[in-house]
Amino acid sequence: MSDANATPMIVLAFSNNRDDYLQNIVQERKAVFRALQDYDDKRYIKVHTEDATAIDDVFDVVNRYADRIAIFHFGGHADGAAIQLEAGGNAEQAHADGLARMLGAAKNLKLVFLNGCATSGQAEGLIANGVKVVIATAVPINDSLATLFAEKFYAAMGTRKTIFEAFELARAAVATTAKGAARHIGDFRGVGTADARARTASPELVWGLYVHPGGEAALSWKLPEQAEQQLIIRGASYQAAAGPLVNAGLITALANAIAPHNKKVRRALEDEQESRDPDIRNIRSPSVAAFPTPVGEQLRILFHEDNETISSERLQQLVLVYETATQLFAFAALSQLWDVLSTRPECLMTDTLRTACERFVAMSATTAASFDYFDLILKVADFFAANGISHYMRESDEFVVSLRDEPSVNAHLFMEAMRGELRGKVSGDEITSFCVQTETHLSEILKDFAFVVNYMMAAIKDITLVKSRNKMPEFSHKIVQLDQAGVGARVLDKQQLQFSDSRSVLLVKDIDNISNNLNLMPFILDENALTGAPQYRLFFYSHHDCAADTYHYWSINNPADKLVVSDAKYKDVKSLFEDFKRAIAAAPGAAA
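The structure reproduced in this document is the subject of the present report.

Rules of the game
Residues numbered from 1 in each chain as written. Predicted model: local features only at pLDDT ≥ 70, side-chain atom pairs only at ≥ 80, totals over all residues. Heavy atoms only, no water. Helix = DSSP H or I, 4+ residues; strand = E, 2+ residues; numbered from the N terminus. Buried < 20%, exposed > 50% of the residue type's maximum accessible area, 1.4 Å probe, protein only. Areas by Shrake-Rupley, 256 points an atom, 1.4 Å probe, with all protein chains shown as cover. Pairing = 2+ DSSP bridges. Core = buried A, V, L, I, M, F, W, Y, C linked by side-chain atoms within 4.5 Å. Contact = heavy atoms within 4.5 Å. Lys, Arg positive; Asp, Glu negative; His and termini not counted. Salt bridge = Lys/Arg side-chain N within 4 Å of Asp/Glu carboxyl O. Expected span 1.5 Å × (residues − 1). Bend = angle between axes of the 7 residues up to and from the residue. Axes fitted to C-alpha atoms, helices over the stretch in contact; angles between N-to-C directions. Parallel < 35°, antiparallel > 145°, perpendicular 65-115°, else oblique. Left-handed = near helix turned anticlockwise from the far one by under 90°. Nonpolar A, V, L, I, M, F, W, Y, C, P; charged D, E, K, R; others polar. Arc of directions from axis to C-beta.

Below, the discussion takes up the overall build of the protein chain. When helices and strands are counted, the protein chain shows 20 helices and 17 strands. Sorting the 592 residues of the protein chain into buried and exposed places 55% on the buried side. Here the protein chain displays about 25400 Å² of accessible surface, and carbon together with sulfur accounts for 49% of that area.

In structure tokens:
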């Protein structure tokens, strides 16, 4: 995405000292990020976190994003003359005058929050350099109290309170929680008088709210309630084809993207180009069949004659194709992440990825409707890149790069926005326009995902040991090959020197070599593999009911068909989810 866009940025800079370690800095960092994460996920804001901040880091972020920074938050050691940062593990002082000039260059900056000891001495310089509002401290503060104040302030901002309202709520919360804390919080409006009060009143006052003369409007600033860049065009006049041609553009784009990876689709395209009477249906079938079953099934429904007219049902199916494709890839990424955490304990997990995974497994029926799987894919990809890990699907390395180019970013933002639209009531006047726009953006996403046609899915029904005299033992796998959406599945018996996981759903590149697989359980399950029934019934994970402690799934063949996993039903699946949660919680962090 271009750096020129106007999405407001919240910069969170933290620093610690090995010789004078602040135990609560990690807690503060996590709490502040969680309070802002929904806004970041929806692209309403961008949260930029520096965990072991150096002076160069501050310079780089201000230099790159000067016009976008709305809040600069610092947590760590400080005094009235400097904040203490880190350089190569050693402390370095960022002096107040230089910091003030640097932050003063951020013309849209609303607030500087210096959550360190006795930082009020820096407020005058910051405001003199144009910063509109500063939260600073008048005296040395307790580490846990500083963390509590920051947590409450950003929790209030996360519910769209203004800067002033969030400050008032935070000080009230601290006064309520910490005995005697009310007299340790001040509310200062003029720089000169406020700073004088801080010096003469300490240690009676701690947090101060300092305001630039003429900058009072910044006190009313709150987090945005929509993305700066609105990609859904409303009230547009679109002409749409009817009958088989309604899907023609999407089918053609899809086939051209798949062709380099699939001989049948490539041959179908060549035959159509040579035909005197081309028929889009001749490339539709091989294109649908090329995809792994979950995505292929949703495309089959989309391209069915029942969806060859513009309608709200077609719009919903277009979005469901997007959701299924992103969920499939996210489940594959999470499955490999779990394997990595089990085999490479030296890999360090960032707070952002851990939080995203925790939110994934804790999704309720309500929050699942807006959970951004696309964003989760990128966070796992960043973890793999940081730890030198290749994706199971090797093409994913280039795929992740393509997901960050402008057309793909815009397509992602549009599709997420359209998901939100469908949670409400879409006006009949907008259906045609929305369908045409959604098809365009879905086409961009599916072109990025086209390489998944190199892989197929298989369900392992049963594994038995086969041993003949004077021969090495082998493992006989009863496999259901899931590679033809809408036309059933092949049942195979494969003998391998190595065994895979029983009653599992696998992603494989070669059905004849299932030892090289990625196990997608418990995120995707085949109920028939669990019961021993023939064929397959694939379900995707949906959400967790915390009160009942049950895990809920939806069927790829009929989203209205649900499956509930509990202690009483498919307990082994529930145990896998619990194991995954423990692995995420136990993974070592990337920063202290």
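Strand E3 (residues 69-75) sits mainly inside the fold: seven of its seven residues count as buried. As paired elements, E3 and strand E6 (residues 111-115) share five bridges and run parallel to each other. By the bridge assignment, Ile-71 is partnered in E6 with Leu-111.

One recurring pattern in soluble globular proteins is that nonpolar side chains are buried together. Of all hydrophobic cores here, the largest spans 116 residues; its most connected members are Leu-299, Leu-337, Phe-360, Phe-383 and Tyr-553. Ignoring anything within four residues of it in the chain, the contact list for Leu-337 reads Met-349, Leu-353, Cys-357, Val-380, Phe-383, Phe-384 and Ile-584.

A few words on the side chain of Glu-151. By secondary structure assignment, the location of Glu-151 is in helix H5 (residues 143-157). Here Glu-151 occupies a buried position and makes no salt bridge, while the nearest side chain of opposite charge, Lys-152, is found at 5.6 Å. Not counting chain neighbours up to four residues away, the residues in contact with Glu-151 comprise Gln-27 and Ala-31.

Take helix H1 (residues 25-41) next. Its 17 residues place the ends of H1 23 Å apart at the C-alpha level, agreeing with the 24 Å of an ideal helix rising 1.5 Å per residue. Where H1 bends most, at Ala-35, the angle is about 40°. Of all 17 residues making up H1, twelve are buried, and the element is well covered by its neighbours. When H1 is considered as a whole, its buried residues turn out to be Ile-25, Val-26, Glu-28, Arg-29, Val-32, Phe-33, Ala-35, Leu-36, Gln-37, Tyr-39, Asp-40 and Asp-41. Phi for Arg-43, located one or two positions after H1, is positive at around 65°.

With that settled, the discussion passes to the side chain of Gln-327. Relative to the assigned elements, Gln-327 resides in helix H12 (residues 312-343). On the accessibility criterion, Gln-327 (7% relative accessible area) is buried. For Gln-327, the residues in contact, after removing those within four places along its chain, are Tyr-373, Phe-540, Tyr-541 and Trp-554.

A few words now on the sheet that holds strand E7 (residues 133-137). Across the sheet, six strands lie side by side as E2-E1-E3-E6-E7-E8; this open sheet has mixed pairing. A single partner strand is all that each edge strand has here, and the edge strands are strand E2 (46-50) and strand E8 (207-211). Mean inter-strand twist for the sheet, computed between neighbouring axes without regard to direction, equals 15°. The sheet strands contacting H5 are E3, E6, E7 and E8, and the helix crosses E6 at an angle near 155°.

Further remarks concern unusual backbone geometry. Here the bond from Met-521 into Pro-522 is cis, since omega is 5°, no more than 30 degrees from zero. Mapped onto the elements, Pro-522 comes out in the loop between strand E13 (517-519) and strand E14 (524-526). The phi angle at Arg-160 is positive, at roughly 65°, despite the residue not being glycine. Tracing the chain through its elements places Arg-160 in the loop between H5 and helix H6 (163-177). The exposure class assigned to Arg-160 is partly exposed, which follows from its relative accessible area of 25%. Look at Asp-549: it is not a glycine, yet its phi comes out positive at around 55°. Tracing the backbone through its elements, the reader meets Asp-549 in the loop between strand E15 (538-545) and strand E16 (550-555).

Once that is clear, we can look at the sheet that holds strand E17 (residues 562-565). The strands that make up a sheet are held in pairs by hydrogen bonds between backbone atoms, and each pair lies either parallel or antiparallel. Strand order in the open sheet made by the four strands is E14-E15-E16-E17, with antiparallel pairing throughout. The open sheet has two free edges, formed respectively by E14 and E17, since each of these has just one partner strand. Neighbour to neighbour, the strand axes of the sheet diverge by 40° on average, direction disregarded. As judged from the six bridges shared by E15 and E16, these two strands associate in the antiparallel manner. Paired with His-544 across the two strands is Tyr-551, which belongs to E16.

So, on to the pattern of salt bridges. Scanning all chains against the criterion turns up 20 salt bridges. Between Lys-509 and Glu-395 there is a salt bridge, and its shortest N-O distance comes to 3.8 Å. Highlighted residues: Lys-509 in the loop between strand E12 (505-508) and E13 and Glu-395 in the loop between helix H15 (373-386) and helix H16 (396-403), separated in sequence by 114 residues. For Lys-509, a relative accessible area of 44% gives the class partly exposed. Note that Asp-567 is salt-bridged to Lys-574, the shortest N-O span being 3.3 Å. Among the residues examined, Lys-574 registers a relative accessible area of 7% and is labelled buried. Linked through salt bridges whose partners overlap, the residues forming this network are Glu-323, Glu-416 and Arg-419.

With that settled, the discussion passes to the packing of H15 against H16. Taken N-terminus to C-terminus, the directions of H15 and H16 make an angle of 125°; their axes are 11 Å apart at the nearest point. One way to sum up the angle between H15 and H16 is to call them oblique. Here H15 and H16 pass one another in a crossing that is left-handed. On H16, the residues that touch Phe-374, Ile-377, Leu-378 and Ala-381 of H15 are Phe-399, Val-400 and Leu-403. Here the contact of H15 with H16 is built from residues that sort into seven nonpolar, no polar and no charged.

Residues Ser-396, Phe-399, Val-400, Ser-402 and Leu-403 constitute the buried set of H16. Looking straight down H16, one finds its buried side chains confined to an arc of 160°; they lie on one side. Exposed side chains of H16 directed beyond 90 degrees from the buried face belong to Glu-398 and Val-401. The secondary structure elements touched by the buried residues of H16 are H12, H15, helix H17 (406-422) and helix H18 (431-449).

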